[in-house]
Amino acid sequence: MSVIITLAIGLVVGYLGPFGSYEMPLLNRLLYWVILIGGGHIIFAQTDKVCHYFLDANRTNPILTLVTSSLVGALFLSFFVELISHYFFGLNFRFPENFLFFYPKVLALSLVINVVGFLLSSPLSQIPEVNSTAQQQPGQLFLKRIPHKLGNELVCFTMEDHYLHVFTTKGDHMMLLRMKDALMELKDYPGFQVHRSWWVATDAIVEVHKQPRKAVLTLKNDLQVPVSQKYLSQLKKHALI
């Protein structure tokens, strides 16, 4: 689907002929923009993937990851634009003159595209698909938000600013999602809230350390999770104390 969309965008932009390209013959113009936008799509897809791989591992803020991906992607795409323009327009290779000409324009465009993509993929703008599979599998909507490499066996999550720090048996992930939305999506999943900023999966609890008016849970990933007085009743409800 993304290939078809990219091709369609390239054809539309090519037909419109922005940035002086309208003077080119139609077929050359269409080919120029399809190659440019297709190449840009590949460059940014790979750059985004690499940036997420390294920055997500360090729990970097998603906004910083987005900006970094745009900065790096625009760097490579600027050279690509110069290369394609050389073959279509006979543009001479001049560094850093041509690079300094292309880079700000490419960066501005990449930031706009990445921000729009980020907003469209954020939980506030997503309309989750509701199907029979999701209805049959508890927590399926929430589990779809977790990277595939981390599996779908939840251990716990905690609220950190506007993000959820989610832990599975295979690792952890920062997710842009409100606590109350996460609890709603996991209402049928075997787990419960134990603190205003903590949720745990029932089968992840290894040990319960009862203390006066509170408790501490030891989970299967060795995390220590606090249980506030308000949620002690949940431990009793699940026969944990």
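## So, the packing of aromatic side chains
Centre-to-centre distance and the angle between the planes together describe a pair of aromatic rings.
Link 1 in the chain: This model, assessed by the stated rule, comprises six aromatic pairs.
Link 2 in the chain: On the numbers, 5.3 Å between centres and 85 degrees between planes, the contact of Y32 with W33 is edge-to-face. Comparing Y32 with W33 shows no difference in burial state: the two are buried.
Link 3 in the chain: Through successive ring pairs, a cluster of aromatic residues spans F142, F157, Y189 and W199.
Link 4 in the chain: Directly above the aromatic system of F101 lies the positively charged group of K105, at a separation of 4.0 Å from the ring centroid.

## Examining a nonpolar patch on the surface
Link 1 in the chain: Residues V12, Y15, L16 and L26 make up a contiguous nonpolar surface patch of roughly 430 Å² in combined accessible area.
Link 2 in the chain: In terms of residue count, helix 1 (residues 2–16) provides more of the nonpolar patch than any other element does, three residues in total.
Link 3 in the chain: With respect to the helices and strands, V12 occurs in helix 1.

## Some remarks on the pairing of strand 3 (residues 171–176)
Remember that side chains alternate between the two faces of the sheet whenever the strand is regular.
Link 1 in the chain: Where strand 2 (residues 163–168) meets strand 3, six bridges bridge the pair, whose relative direction is antiparallel. Bridging from a neighbouring strand, L164 pairs with M175 of strand 3.

## Considerations on helix 3 (residues 62–89)
Link 1 in the chain: With 28 residues, helix 3 extends 38 Å from end C-alpha to end C-alpha; this agrees with the ideal 40 Å at 1.5 Å per step.
Link 2 in the chain: Of the residues trailing helix 3, G90 is marked for its positive phi of about 70 degrees.

## Some remarks on the side chain of T168
Link 1 in the chain: Tracing the chain through its elements places T168 in strand 2.
Link 2 in the chain: Within the local environment of T168, its side chain forms a polar contact with the backbone nitrogen of K170, the two atoms lying 3.1 Å apart.
Link 3 in the chain: In this view, T168 contacts I146, L150, G151, E153, L154 and V155; residues no more than four positions away in its chain are not counted.

So, how was this worked out
Residues numbered from 1 in each chain as written. Predicted model: local features only at pLDDT ≥ 70, side-chain atom pairs only at ≥ 80, totals over all residues. Heavy atoms only, no water. Phe/Tyr/Trp six-rings, centres within 6.5 Å; stacked < 30°, edge-to-face > 60°. Buried < 20%, exposed > 50% of the residue type's maximum accessible area, 1.4 Å probe, protein only. Lys NZ or Arg CZ within 6 Å of the ring centre and 35° of its normal. Patch = residues over 30% accessible without salt bridge, like charges linked within 9 Å, V, L, I, M, F, W, Y side chains within 5 Å. Areas by Shrake-Rupley, 256 points an atom, 1.4 Å probe, with all protein chains shown as cover. Salt bridge = Lys/Arg side-chain N within 4 Å of Asp/Glu carboxyl O. Helix = DSSP H or I, 4+ residues; strand = E, 2+ residues; numbered from the N terminus. Pairing = 2+ DSSP bridges. Expected span 1.5 Å × (residues − 1). Polar contact = N/O pair within 3.5 Å; in protein donor to acceptor, adjacent residues only side chain to side chain. Contact = heavy atoms within 4.5 Å.

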